[in-house]
Amino acid sequence: MTSFEGLLTRLRKVDSLYWQIGFVLVTILLPLPLGDYHRTVLWRTGIYAILGLSLNIIVGYSGLFQLGHAAFYALGAYTSALLNLHFGIPLLLTLPASVIVAAFFGYLVSRPILHLRGDYLCIVTIAFGEVVRLALVNNIFGLTGGANGLSGIDRPSLFGQALRAPIYHYYLMLIFLLITIVCVRRLENSRLGRAWMYVREDETAAEAMGIDTTRVKLLAFIIGSGWAGLAGSLYTGKLTVISPDLSKFLESVIMFCIVVLGGTGSIPGVFVGTLGMVTLPELSRSLRDWRDAWLGITMVVMMVARPEGLWPSRRVQLEIRGEREEALSST
Amino acid sequence: MQFTQQMINGITIGAFYSLVALGYTMVYGVLKLINFAHGDLFMWGAYLGLTGLNILLILLTQLSGWAILPVVVIVMITVALVGVLVERVAYRPLRTAGRLAPVISALGVAFILESLARNIYGASWKTYPNGLTPSGGFTLPGGGRVSTMQVVVVVVSFLLMGALYLFVQRTRIGTAMRAVSLNHDVSRLMGIDVNRIIAIVFLIGPGLGGVAGMIVALYYGSFDFTLGWVFGLKAFIAAILGGIGNIPGAMIGGMLLGIIEAQAAGNISPQWKDVIAYVILILILIFRPTGLLGERVAEKL
Amino acid sequence: MLKKLALLFLVIVLVMPVLAGCKKEAGTIKIGLEGPMTGDYAYEGKGFEKAVNLLVEQVNEKGGLLDREVELVIEDDAGDPTQAALVAQRLVDAKVVAVIGAYNSTATEPASEIYDEAGILHVTPSSTATRLTEKGFKRFFRVCFLDDRQGLFAAKFMKDALGAQKVGIMHDNSTYAQGLAEHTKRYAEEMGLNVAFYDAINPDDTDFTPVLTNIGAVGLDVIYFTGYHAQGGLLLKQSADLGQALTWAMGNACNNPELVQIAGVENAAGTYVTTEPLPKDVDYPEARQFVSDFEAKYGESPDSVWWMMAAEAFNVISYAIEQAESTDSEVLAKFLREEMKDFPGLTGPVLGWDEKGDRLGTIHLAYVINENGEFVVNPQQP
């Protein structure tokens with residue numbers, strides 16, 4: 001264990017400028033020598049990274065159980081699609097709308113349930129995810145195209161050119177990913193970010209310190225959900241076909257695992273998680289029928305070996321390790 | 001007439017939900033963990049029952065209804081053992097690891113169980129051998145039709161639930177379970193071997209779940225590997241509806257959910273019935289998170 | 001110690017799958033097969049694999065196509081559109097000449113966009129959503145028949161052959177079933193039938209007693225179910241348990257002996273099924289040959305009409321390659337559209353395709369399940 005910790009301590013110096021520049025360079029240059037399939041895999045990795053970062057705000061920073069995050073992803077995607085199909089709005093211009101719609105639903109959903117204890121919040125979010133999926137499948141208000149979903153959505157276009165090739169989508173996504181990282185880091189270090197972490201650690205104490213825990217939790221939900229909506233729009237632009245599968249429970253589970261397995265509460269953790277949950281399985285297609293089992297085994301083993309995730313934020317690590325030591329020393 | 005029939009339909013479905021809900025509620029009671037794998041254990045009960053019956057069929061070339069009994073016992077024991085194994089491997093190490101990790105572990109176990117079932121048994125629907133369940137039925141004066149099998153199922157469910165309730169209320173182990181649900185540390189101080197009690201809970205809960213799986217499969221006749229997920233989620237809603245951690249609550253919650261679902265499917269629309277069930281869940285948690293009979297859920301000083 | 005072991009195991013877990021995924025190249029003709037090998041439709045996807053593999057082997061035994069070996073590249077899309085898009089990209093990168101797939105329209109749709117952009121011939125065996133051929137893709141073809149043709153047939157059957165006036169239509173919210181139901185409703189209403197019940201169940205449901213009770217109360221002449229055979233079977237069984245005596249008709253997704261197994265023979269008897277002719281009724285030597293070869297190789301018969309369609313897709317592609325003496329998709333597509341007529345296929349004569357890529361000629365038949373649980377051609381056809 002100690003050697004891993006040592007590695008982690010060295011890796012934590014990621015905050016340094018060299019690392020950051022390195023990261024940006026790598027992400028810009030990486031797809032160039034690769035074929036379209038691998039570029040698409042990178043694109044997909046990036047989308048899940050954005051989703052992971054958005055969920056990290058809710059689950060990682062604020063410690064709120066959200067197992068229905070995919071619903072907001074889907075809501076963002078459908079908003080973009082509908083605005084484009086019915087009103088002809090160019091895809092890139094629909095982005096703000098999807099963010100707002102997703103954030104709004106985030107507010108609607110979270111407002112009445114924030115007082116619930118963790119496991120219950122978990123169930124409610126699962127239920128919400130299913131309600132959204134079923135409503136989409138049942139073609140609610142005749143808008144959503146049923147199980148078939150919607151198609152024929154325009155590609156995003158820049159300077160009059162529609163972006164078709166995977167590489168353009170990748171760079172478009174990358175712009176948003178980098179923006180997301182910057183924003184999330186800012187949030188992490190802001191008063192709001194610290195408030196989130198206090199709420200996660202001990203809500204009662206936070207309340208006693210004068211933090212409006214309800215408002216803080218609401219903001220986590222709103223921001224996190226809105227961001228997921230953004231990812232949904234990017235998805236719509238690339239695939240031009242969307243279906244209710246976007247809101248599947250499995251999607252929410254993957255996002256949740258990205259955050260927790262990768263390392264709760266930390267940005268590098270989200271990337272580690274995305275690589276583990278999305279990129280690696282994609283590259284290991286030869287397992288085919290047993291991929292689900294493999295995923296399950298990974299989840300169990302990971303949690304047993306390292307419940308705080310591979311690259312957690314130090315705070316979370318202390319929280320979890322501290323709890324364990326306390327518990328173990330008392331038995 | 002329709003109303004009566006829908007009530008009958010609802011009670012039947014409800015009995016199933018109640019049975020499965022028991023397993024959830026027991027585990028949640030002692031561990032405060034939502035055992036996502038429970039639905040899949042239930043599904044495995046259905047598959048193992050099928051294998052058991054097929055083996056008997058080969059050995060005896062002909063089966064009577066009574067063949068079910070030994071198979072049920074074996075299924076119950078097997079699934080119970082799997083349950084204990086799961087607890088030991090995937091949940092026990094995480095008891096002190098925060099709230100997020102056990103959820104992922106539970107989901108992981110669920111994936112493993114489902115994948116195993118799909119790979120071992122194949123993706124197509126499986127049918128139980130014919131002629132094992134009583135057929136025929138009778139018509140109520142109000143006009144609804146009740147099949148003999150339905151009566152059997154509901155009676156058996158209630159008997160099982162009653163037995164469990166008595167066990168928890170009247171025996172020492174049961175009392176120990178209730179103690180552990182309240183507080184692990186204090187229970188330990190009182191001399192209760194908490195690990196052993198939890199293991200017992202994981203014997204009974206999944207065991208019941210496995211039996212429920214076999215009963216459901218016998219009743220409907222056919223199933224596939226998606227059985228676990230939907231039933232699991234519904235049963236969980238039932239448990240919450242009744243008040244999680246509370247056995248009579250699971251029974252009532254299950255019945256209520258079944259009846260509401262049947263009425264909704266019949267009178268509103270079958271495709272929206274699941275949405276209605278989920279919405280009810282959400283509403284209950286918002287306005288009365290204690291459920292009908294259960295414990296406090298919100299953290300408020 | 002346990003922790004260290006667990007971590008080591010974890011590293012293996014993460015690394016092994018990647019290593020396992022390394023592939024090799026060869027100078028063969030690559031044909032892609034995209035289908036749901038895992039997930040809810042795994043049954044059909046696996047069937048595709050078996051059916052097409054059988055034909056690939058046969059072709060290779062005879063020396064391959066254009067003297068080159070045929071290599072089947074199989075990809076799993078799990079019936080999911082995002083996976084389908086990824087997998088399509090993989091097939092494109094693998095430089096396949098043509099693709100057979102996918103199973104469900106939701107997966108076929110995003111994949112077809114990618115294949116079209118890459119200029120690869122794309123033949124679907126089973127995706128019946130009308131939308132797919134309305135995009136103007138020049139290299140996309142369907143071996144199955146469109147929902148609307150079956151819808152028309154079903155409506156006519158109910159009206160003319162069964163003499164129904166008040167009908168009900170039920171689907172299961174899957175893309176295929178919903179489409180078929182909508183078309184049937186449209187044609188039925190055009191013909192003056194009263195569609196007194198139109199609703200859907202959820203694909204995951206097991207208990208249909210509430211909706212059946214509802215249907216019973218409406219008093220229909222016929223109820224037409226367009227969903228899949230597993231639920232079809234459950235519906236029949238539960239309907240009988242409720243003591244109902246409804247007249248059931250089902251769409252071609254119920255065209256499967258498992259339906260009878262699930263429902264129980266007594267409950268299934270008397271049910272009508274609208275479908276493409278079953279392998280055993282397709283009175284073509286090619287079909288019978290295929291069925292017996294399949295049984296010989298796999299020990300089971302090709303029960304699903306979609307598996308036959310997958311094989312047909314391969315047939316069509318390999319025929320085109322041989323005849324056009326090329327593996328260029330443009331050439332092949334042109335061949336299919338313009339020159340391929342009256343090809344003796346194993347799902348009946350392939351009359352050709354229209355400019356949209358839809359297969360010409362509807363051959364639907366109405367079947368009825370007899371007291372032995374067998375599917376026999378119904379004496380009365382519309």
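These numbers were taken from a predicted model, which means no experiment stands behind them.

### Brief notes about the overall build of chain C
Counting its regular elements, chain C contains 13 helices and 14 strands. For a compact globule of 382 residues, the expected C-alpha radius of gyration is about 21 Å, and chain C comes in at 22 Å, within 12% of that figure. In terms of overall dimensions, chain C has a C-alpha envelope of 70 × 60 × 40 Å along the principal axes. Of all 382 residues assigned to chain C, the portion counted as buried reaches 59%. Here the analysis covers contacts within chain C between residues at least 6 apart in sequence; of these, 70% occur between residues at least 24 apart.

### Considerations on the sheet that holds strand β7 (residues 194-200) of chain C
Residues and elements named next belong to chain C. In spatial order, the strands read β7-β6-β8-β9-β10-β13-β14; together these seven strands make up an open sheet with mixed pairing. Bordering the open sheet on either side are β7 and β14 (375-377), each of which pairs with just one other strand. Pairs of neighbouring strands in the sheet enclose a mean axial angle of 25 degrees, with direction left out of account. Relative to strand β9 (residues 248-250), strand β8 (residues 222-225) runs parallel, the two being bridged by three bridges. Bridge assignment links Phe-225 to a residue of β9, and that residue is Met-250. Lying on the sheet, helix α7 (residues 209-218) is in contact with β6 (166-171), β7 and β8; it crosses β7 at an angle near 175 degrees.

### Here we look at the pairing of β8 of chain C
Residue and element names in this part refer to chain C. Side chains of β8 alternate between two faces, with Val-222 and Tyr-224 and Ile-223 and Phe-225 buried alike. Sheet topology places β6 next to β8; four bridges connect them, and they run parallel. Paired with Ile-169 across the strands is Tyr-224, a residue of β8. The parallel pair β8 and β9, bridged by helix α8 (residues 229-241), forms a crossover whose chirality is right-handed.

### Focus: the domain arrangement of chain C
Residues and elements named next belong to chain C. Looking at chain C, the domain boundaries give domain 1 (29-145 + 283-350) and domain 2 (148-275 + 365-377). Spacing between the C-alpha centres of domain 1 and domain 2 amounts to 29 Å. Listed per partner, the contact involves 10 residues of domain 1 and 12 residues of domain 2. Counted by class, the side of domain 1 that touches domain 2 contains three nonpolar, six polar and one charged residues.

### Digging into the environment of Phe-72 of chain A
Residue and element names in this part refer to chain A. If you trace the backbone, Phe-72 turns up in helix α4 (residues 70-87). The class for Phe-72 is buried, based on 38 C-beta atoms found within 10 Å. Sequence separation of Phe-72 and Met-277 is 205 residues, and the distance between their C-alpha atoms is 20 Å. Excluding residues that lie within four positions of it along the chain, Phe-72 makes contacts with Ala-102, Phe-105, Gly-106, Ser-225, Ala-228 and Gly-229.

### Concerning the packing of α4 of chain A against helix α6 (residues 118-137) of chain A
All names here are of chain A. Here α4 crosses α6 at 30 degrees, and the two axes come no closer than 8 Å. The angle between the axes of α4 and α6 places the two elements in the roughly parallel class. Counted together, Ala-70, Ala-71, Ala-74, Leu-75 and Tyr-78 of α4 and Phe-128, Gly-129, Val-132 and Leu-136 of α6 form the full contact between these two elements. Looking at side-chain class alone, the contact of α4 with α6 contains eight nonpolar, one polar and no charged residues.

### Describing the environment of Leu-177 of chain A
Residue and element names in this part refer to chain A. Looking at the element boundaries, Leu-177 is found in helix α7 (residues 166-188). Sequence separation between Leu-177 and Asp-202 is 25 residues; the distance between their C-alpha atoms is 31 Å. In this structure Leu-177 touches Gly-46, Ala-49 and Ile-50, once residues within four positions along its chain are discounted.

### A few points about helix α6 (residues 172-182) of chain B
For an α-helix, 3.6 residues make a turn, and residues three or four places apart therefore share a direction. Residues and elements named next belong to chain B. Every buried residue of α6 is listed here: Ala-176, Met-177, Val-180 and Ser-181. The arc enclosing the buried residues of α6, seen along the axis, measures out at 140 degrees, which places them on a common side. Residues of α6 that are buried in the fold lie against α1 (2-31), α5 (148-170), α7 (184-189) and α8 (194-220).

### A closer look at unusual backbone geometry
Geometrically, the link from Gly-101 of chain C to Ala-102 of chain C is a cis peptide bond, its omega value of -10 degrees lying close to zero. Checked against the element boundaries, Ala-102 of chain C lands in the loop between β3 (98-100) and α4 (105-118). Of note, Thr-240 of chain A is a non-glycine position whose phi angle comes to about 60 degrees, a positive value. With respect to the helices, strands and loops of the structure, Thr-240 of chain A is situated in the loop between α10 (213-239) and β4 (241-242). When the 21 C-beta atoms within 10 Å are taken as the criterion, Thr-240 of chain A is described as buried. Here Ala-78 of chain C, not a glycine, exhibits a phi torsion of approximately 55 degrees, which is positive. Summarising the element assignment, Ala-78 of chain C is placed in the loop between β2 (70-76) and α3 (81-93).

### Quick word on the interface of chain B and chain A
Listed by partner, the interface residues are 41 residues for chain B and 42 residues for chain A. Elements with a minimum of two residues in the side of chain B that touches chain A: α4 (100-121), α9 (227-242) and α11 (273-287) of chain B. Looking at the side of chain B that touches chain A, the element that brings in the most residues is α4 of chain B, giving 14 residues. Taken together, the residues of the side of chain B that touches chain A sort by class into 28 nonpolar, seven polar and six charged.

### Here we look at the sheet that holds strand β5 (residues 140-142) of chain C
All names here are of chain C. Strand order in the open sheet formed by five strands is β2-β1-β3-β4-β5, and the pairing between neighbours is parallel. Pairing within the sheet leaves two strands with one partner each, and these edge strands are β2 and β5. On average, adjacent strands in this sheet sit at an angle of 20 degrees to one another, irrespective of strand direction. Where β3 and strand β4 (residues 121-124) come together, three bridges link them in parallel fashion. Of the residues in β4, the one forming a bridge with Ala-98 is Leu-121. Lying on the sheet, helix α2 (residues 42-61) is in contact with β1 (29-35), β2 and β3; it crosses β2 at an angle near 170 degrees.

### Some words on the packing of α4 of chain A against helix α5 (residues 91-110) of chain A
Residues and elements named next belong to chain A. Packing of α4 against α5 brings their axes to within 8 Å, and their N-to-C directions diverge by 140 degrees. The angle between α4 and α5 falls in the class oblique. For the crossing formed where α4 meets α5, the hand is right-handed. Contacts between α4 and α5 involve Phe-72, Leu-75, Gly-76, Thr-79, Ser-80, Leu-83 and Asn-84 on the former and, on the latter, Leu-91, Thr-94, Ala-97, Ser-98, Val-99, Val-101, Ala-102, Phe-105 and Gly-106.

### Some thoughts on the pairing of β1 of chain C
Residues and elements named next belong to chain C. Counting buried positions along β1 gives seven out of seven residues, so the element sits mostly inside the fold. Covered by surrounding structure in β1 are Ile-29, Ile-31, Leu-33 and Gly-35 together with Lys-30, Gly-32 and Glu-34, the residues of both alternating faces. Here β1 pairs with β2 via seven bridges, running parallel. Of the residues in β2, the one forming a bridge with Gly-35 is Asp-76. Sheet topology note: the β1/β3 ladder contains three bridges and is parallel.

### A look at the environment of Ser-304 of chain C
Residues and elements named next belong to chain C. Mapped onto the elements of the fold, Ser-304 is located in the loop between α11 (285-298) and α12 (305-324). By C-beta crowding, Ser-304 is classed as buried, having 23 other C-beta atoms within 10 Å. For the pair Ser-304 and Thr-327, spaced 23 residues apart in the sequence, the C-alpha separation amounts to 30 Å. Residues in contact with Ser-304, not counting those within four places in the same chain, are Glu-44, Gly-47 and Asn-256.

Scoring rules and cut-offs
- Residues numbered from 1 in each chain as written.
- Chains lettered and ligands numbered in written order.
- Predicted model: local features only at pLDDT ≥ 70, side-chain atom pairs only at ≥ 80, totals over all residues.
- Helix = DSSP H or I, 4+ residues; strand = E, 2+ residues; numbered from the N terminus.
- Rg over C-alpha atoms; globule rule 2.2 N^0.38 Å.
- Buried ≥ 20, exposed ≤ 12 C-beta atoms within 10 Å, placed from the backbone.
- Contact = placed C-beta atoms within 7 Å.
- Pairing = 2+ DSSP bridges.
- Axes fitted to C-alpha atoms, helices over the stretch in contact; angles between N-to-C directions.
- Right-handed = clockwise from strand over helix to strand, strands pointing away.
- Domains from an automatic or database assignment.
- Nonpolar A, V, L, I, M, F, W, Y, C, P; charged D, E, K, R; others polar.
- Parallel < 35°, antiparallel > 145°, perpendicular 65-115°, else oblique.
- Arc of directions from axis to C-beta.
- Left-handed = near helix turned anticlockwise from the far one by under 90°.

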